[in-house]
Amino acid sequence: SQQGEEDPQALSIQEGENATMNCSYKTSINNLQWYRQNSGRGLVHLILIRSNEREKHSGRLRVTLDTSKKSSSLLITASRAADTASYFCATERSNYQLIWGAGTKLIIKP
Amino acid sequence: DTEVTQTPKHLVMGMTNKKSLKCEQHMGHRAMYWYKQKAKKPPELMFVYSYEKLSINESVPSRFSPECPNSSLLNLHLHALQPEDSALYLCASSRRQVPGNQPQHFGDGTRLSIL
């Protein structure tokens, strides 16, 4: 079943610009995770933010979590061509299952 | 290179064939997962194994039969599949299923085509 919704569905920006993707969910969660998937490849874990955390950084990635609004955002700063991929959010429920968002397809134009 | 290895990378089979997908990890993870992913869609959970025991079966048709022979290996046996079963099949692992708060590590998948 799919709990998360992501927007935008697709995002095309110039190299060097920042990219922001949003994820919303419906029920209480243990954590929210972001994954990247390059075309034809498996998913790569980017960041996990727990329900009691509000912001987390990893390199050029910044994730925020607002549990009152049941939403999260992923910011990629100074985008590169290699960031072109699909990005999925996934929320972990109390039964430890991941519920996946529909994904955002990000295209970085040179 | 990923730390979860899936074989084969591609598989084409007829509806009457029997085949198996294999997944291997050597990270000492005790939770392993099978997902099905259709094009431009998120992964759909099929099965979860925790400490080599089936923990979750998401009402998957019996033509898919999982097996976890040991803590490093996960198989998915396929029999009498339908054309709509064509998809990318992903294996993942995590240190433990319970407690949570642990990321999943994915293989690159097996691209399955049913003729």
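Please refer to the structure placed before this passage.
Here's a quick rundown of the structure. None of the values given here were measured: they were computed from a predicted structure.

## Some words on the interface of chain A and chain B
- At the junction of the two partners, chain A supplies 22 residues and chain B supplies 22 residues.
- When chain A packs against chain B, close to 1700 Å² is buried across both sides, 53% of that on carbon and sulfur atoms.
- A per-residue breakdown of the area chain A buries against chain B is headed by A:L43, A:Y96 and A:W100, which together make up 29% of the total.
- If you look at where chain A meets chain B, you find seven residue pairs in polar contact (both at pLDDT 80 or more).
- Going through the elements one at a time, β4 (31–37), β5 (43–50), β9 (85–92) and β10 (98–100) of chain A are the ones with two or more residues in the side of chain A that touches chain B.
- Of the residues that constitute the side of chain A that touches chain B, the class distribution is eight nonpolar, eleven polar and three charged.

## Topic: the packing of aromatic side chains
- The full count for this structure, using the stated rule, is eight aromatic pairs over all chains.
- The interplanar angle of 50° and the centroid separation of 5.1 Å between the aromatic rings of A:Y35 and A:W100 together place this pair among those described as tilted. Taken together, the residues A:Y35 in strand β4 and A:W100 in strand β10 connect sequence positions 65 residues apart.
- Overall, the relative accessible area of 0% leaves A:Y35 in the buried class.
- For the ring pair B:F64 and B:Y89, a centre distance of 5.8 Å and an interplane angle of 35° mean the geometry is tilted. Placement of the pair is B:F64 in strand β7 (residues 64–70) and B:Y89 in strand β9 (residues 87–94), with a sequence separation of 25 residues.
- Within the aromatic cluster, the residues linked to one another by ring pairs are A:Y35, A:F88, A:W100, B:Y33, B:Y35 and B:F106.

Rules of the game
Residues numbered from 1 in each chain as written. Chains lettered and ligands numbered in written order. Predicted model: local features only at pLDDT ≥ 70, side-chain atom pairs only at ≥ 80, totals over all residues. Heavy atoms only, no water. Contact = heavy atoms within 4.5 Å. Buried area = accessible area lost by both parts, 1.4 Å probe. Polar contact = N/O pair within 3.5 Å; in protein donor to acceptor, adjacent residues only side chain to side chain. Helix = DSSP H or I, 4+ residues; strand = E, 2+ residues; numbered from the N terminus. Nonpolar A, V, L, I, M, F, W, Y, C, P; charged D, E, K, R; others polar. Phe/Tyr/Trp six-rings, centres within 6.5 Å; stacked < 30°, edge-to-face > 60°. Buried < 20%, exposed > 50% of the residue type's maximum accessible area, 1.4 Å probe, protein only.

Limitation: the analysis is restricted to geometry and does not speak to function.
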